[in-house]
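Listed here are the chains, written in short residue letters.
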Amino acid sequence: MNLLIVDDDIPTTEVLRNYLDRELIGIDEIYTAFQVDMAKRIFTERQVDMILCDIEMPRENGLSFLEWVRSVEKQKTEFLFLTCYEKFEYARGAVEYEASNYLLKPIDIPKVTEALQKSAAQARRRQQALEYERMGRYWEYGQLKLIRNFWHNMVWGYLAQNQEAIGREIGRLNIPVCADEAYTAVFVSLDRTAVFEKDSSRELCRFLIENSISQVLEGKGAMENLTSFEDETRFCTCAFLPMEPEGILRMCRGLESFFRTYYGREKFAGYISERVPLTELYAACREMSGFDKENISGRGRILRFSQRCMDEPGTDRILEQKEFLVRMEHGERGRAIEYVENCCRSLENGDGKSIHNMRRFQTELLQSIHVYLYQRGIDAARLLGDRGFLELQEKAPYSVFDMMKWSICGVNKALDFNREMQKKKTVADQIEGYLRQHYTEDVTRNQVAAQLCLTPEYVGKLFKRERGVSIQDYVNSLRIERAAQLLASTDQKITDVALAVGFNNIPYFSTVFKKYMGVAPKDYNSK
């Protein structure tokens, strides 16, 4: 318990500081201030529980200081006046701002001590009440966490799925869940990106969803029988109620409206299970979660899971490869994009929009683009393997809009790369230029192909056809040409020359050198 004494009369503050019985009152520290500015600084920087203050002081009086304290304090501070003036307006101000006492000078140490004792006792009672309240909140929060952790373990299958084991866990945690009760599960899934784009705070986003569900289902902000989790694409919440599904379905109509407005129709879906024993809830939640991953045509609703409609895969081709490739081979970008856009629109019409058909179209288009690139010797895996394109590819099956974005991106990447290759020097020239720059390194056909985003087989065949020699023979010719120059113009040892031009095997260097130059390196060096 700390006391702040505020008085412009320094002898008064010294008397009080030296003669108050700290132990009797229960004071740990006494701070002193001789004007209000100084008192405000101490109050801001230190823990102050009681203030004994004069009223009339230069620049600013004690009543003004009391008003300021009440405006900034986090919890109520015991405030006592010690003054020479028994004025009505002073006493009224003290009452208005809830001063604890109004003492008159001259100083009577026993009276001041008694008043401070009462104030200290009041402050301790207030602190104790706040502590009890805080402990109560902690207990409630801890209980909430215990119950939610129980449901989390149920949803993830961490508990043995038999009544005896579940009952033991409920007893161990001492939570208000009945092992014999039947529950209905409400599974709500939202697009993860849509959820966490709404606000910078992830915790606030999570709270908004959980609070909305709790308010609708139980009329309160913190529902115990609830758990949430995330995966790569979804934010999911499961709630459990000892009610019949039909009653829950009626309550969820308002929840549908909220999610549509806040996140968008395509960004959420919800399912209500049958009412089942605790031992069957894990299987029910797992089945709803698995169905939700495949469900794109039933978004924007919360429905009875027993009344769901599973998408059936189609059998006819969505994209005709020959028709698509004709447009690509002629470089007709507009017609190629128009064709894939029409395919995407066909997925949205009638019963075409299912996860199976979306993935089937994606496979058909990807195969066609690979064929187009392979025919031109372009390494499709390297060209289409960048992170941005793969992220689009992952999202595409779940939205016609995302499928269209991915499709157009794939067509453009293929056509743009092929056009750039044609604009540059011939491929053989590019290969030759690369080899001339890197022939002293451990250069291979695969390395050259990777630099040009072409397949190794295409690179090898094209270079042999255009230059009449293999890549390895051409590299060796460059190395031997440079080695001959070094041997003729420097005093370097044969071993150093071989290493300098890219040969790590000296006997092999000698063999290759003799093949190209007609003599061994040592004889060439001696000429």
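Data block above holds the structure.
Here we summarise the structure given alongside this text.

Rules behind the numbers
Residues numbered from 1 in each chain as written. Predicted model: local features only at pLDDT ≥ 70, side-chain atom pairs only at ≥ 80, totals over all residues. Heavy atoms only, no water. Salt bridge = Lys/Arg side-chain N within 4 Å of Asp/Glu carboxyl O. Helix = DSSP H or I, 4+ residues; strand = E, 2+ residues; numbered from the N terminus. Buried < 20%, exposed > 50% of the residue type's maximum accessible area, 1.4 Å probe, protein only. Pairing = 2+ DSSP bridges. Axes fitted to C-alpha atoms, helices over the stretch in contact; angles between N-to-C directions. Contact = heavy atoms within 4.5 Å. Arc of directions from axis to C-beta. Polar contact = N/O pair within 3.5 Å; in protein donor to acceptor, adjacent residues only side chain to side chain. Core = buried A, V, L, I, M, F, W, Y, C linked by side-chain atoms within 4.5 Å. 1 Å grid on protein atoms, 1.4 Å probe; cavity = no way out; pocket = protein on both sides within 12 Å on 5 of 7 lines; lining within 4 Å. Points joined across faces, edges and corners; volume = space filled by probe spheres on them. Nonpolar A, V, L, I, M, F, W, Y, C, P; charged D, E, K, R; others polar. Phe/Tyr/Trp six-rings, centres within 6.5 Å; stacked < 30°, edge-to-face > 60°. Lys NZ or Arg CZ within 6 Å of the ring centre and 35° of its normal.

Tallied over the full model, the rule gives 34 salt bridges. The salt bridge partner of Asp 416 is Arg 419, with a shortest N-O separation of 3.6 Å. With a gap of 3 residues between them, Asp 416 and Arg 419 both fall in helix H18 (residues 400-423), about one helical turn apart. Taking the relative accessible area as the measure of exposure, Asp 416 reaches 28% and is therefore partly exposed. Owing to a relative accessible area of 41%, Arg 419 belongs among the partly exposed residues under this scheme. The salt bridge involving Asp 429 is made with Arg 467; its shortest N-O contact spans 2.5 Å. Separated by 38 residues along the polypeptide, Asp 429 in helix H19 (residues 427-438) and Arg 467 in helix H21 (residues 456-467) bring together distant segments of the chain. What makes Arg 467 partly exposed here is its relative accessible area of 29%. One salt-bridge network, held together by shared partners, links Arg 148, Arg 192, Arg 206, Glu 210 and Glu 230.

Strands pair in a sheet through their backbones, by hydrogen bonds, and they do so in one of two ways: parallel or antiparallel. Here we have 5 strands laid out as an open sheet, ordered E7-E8-E6-E9-E10, and mixed in their pairing. Of all strands in the sheet, those bounded by a partner on one side alone are strand E7 (226-230) and strand E10 (302-304). For this sheet the average axis-to-axis angle between neighbouring strands, irrespective of direction, equals 20 degrees. When strand E6 (residues 182-191) meets strand E8 (residues 234-241), the two strands line up antiparallel, connected through 8 bridges. Note on E8: the bridge partner recorded for Leu 190 is Phe 235. Along the sheet face, helix H9 (residues 202-218) touches E6, E7 and E8 and points at about 30 degrees away from the line of E8.

For helix H4 (residues 62-72), the full list of buried residues reads Gly 62, Leu 63, Phe 65, Leu 66, Val 69 and Arg 70. Along the axis of H4, the buried positions cluster into a sector of 155 degrees, meaning they face one direction only. Where H4 is buried, its residues touch strand E1 (2-6), helix H3 (36-45), strand E3 (50-53), strand E4 (78-83) and helix H5 (88-96). A distance of 3.1 Å separates the backbone nitrogen of Leu 63 from a side-chain oxygen at the start of H4, and that oxygen is part of Asn 61.

Attention now goes to unusual backbone geometry. In this structure, the amide linkage connecting Lys 105 to the following residue, Pro 106, adopts the cis form with an omega of 5 degrees. Positive phi, normally seen in glycine, also occurs at Arg 59, with a value near 70 degrees. Relative to the helices and strands, Arg 59 resides in the loop between E3 and H4. Even without glycine at this site, Glu 98 takes up a positive phi of about 60 degrees. Considering the arrangement of structural elements, one finds Glu 98 in the loop between H5 and strand E5 (101-104). You can call Glu 98 partly exposed: its relative accessible area is 46%.

We now examine the nonpolar core. Phe 324, Phe 361, Leu 373, Ile 431 and Leu 435 are the most contacted members of the largest nonpolar core, which has 55 residues in total. Tallying contributions element by element places H18 first for this core, with 9 residues. Excluding residues that lie within four positions of it along the chain, Leu 373 makes contacts with Ile 378, Ala 380, Leu 383, Leu 384 and Ala 414. Core analysis: the next-biggest nonpolar cluster, separate from the first, contains 28 residues, Val 177, Phe 229, Cys 285 and Phe 291 among them.

Reading across the sheet, the 5 strands line up as E2-E1-E3-E4-E5 and stay open at both edges, with parallel pairing between neighbours. A strand with exactly one partner marks an edge of an open sheet, and here the two such strands are strand E2 (29-33) and E5. Here the strands of the sheet are splayed against their neighbours by 20 degrees on average, with no regard to which way each runs. When E3 meets E4, the two strands line up parallel, connected through 4 bridges. By the bridge assignment for E4, Ile 51 is matched with Phe 79. Where H3 meets the sheet, it contacts E1, E2 and E3, and its direction lies at approximately 150 degrees from that of E2.

Attention now goes to the side chain of Thr 77. Relative to the elements of secondary structure, Thr 77 occurs in the loop between H4 and E4. Not counting chain neighbours up to four residues away, the residues in contact with Thr 77 comprise Phe 43, Val 48, Asp 49, Met 50, Ile 51, Val 69 and Arg 70.

Bridge count for E4 against E5 is 4 bridges, and the pairing is parallel. Along E5, the bridge assignment pairs Phe 81 with Tyr 102.

Roughly 890 Å³ of internal volume is contained in the largest pocket. Taken together, 32 residues make up the lining of the largest pocket; nearest its centre are Asp 191, Thr 233, Lys 267, Tyr 398 and Asp 402. Where the lining of the largest pocket is concerned, the elements lending two or more residues are E6, helix H8 (192-197), helix H12 (281-294), helix H17 (387-395) and H18. When residues in the lining of the largest pocket are grouped by element, the largest group, 5 residues, is from H8. Among the residues forming the lining of the largest pocket, the class breakdown is 8 nonpolar, 5 polar and 19 charged.

Within this structure, the stated rule accounts for 26 aromatic pairs. A centroid spacing of 6.4 Å and a plane angle of 50 degrees characterise the contact between Phe 187 and Phe 229, whose relative ring orientation is tilted. One end of the pair, Phe 187, is in strand E6; the other, Phe 229, is in strand E7, and 42 residues separate them in sequence. Among the residues examined, Phe 229 registers a relative accessible area of 11% and is labelled buried. Ring plane angle 10 degrees and centroid distance 5.6 Å describe the contact between Phe 258 and Tyr 262, whose orientation is recorded as stacked. Note that Phe 258 and Tyr 262 are positioned in helix H11 (residues 253-263) at a spacing of 4 residues, about one turn of the helix. In this structure an aromatic cluster arises from ring pairing among Phe 43, Phe 65, Trp 68, Phe 79, Phe 81 and Tyr 102. The lysine or arginine in question, Arg 479, covers the ring of Phe 503, its NZ or CZ lying 5.4 Å from the ring centre.

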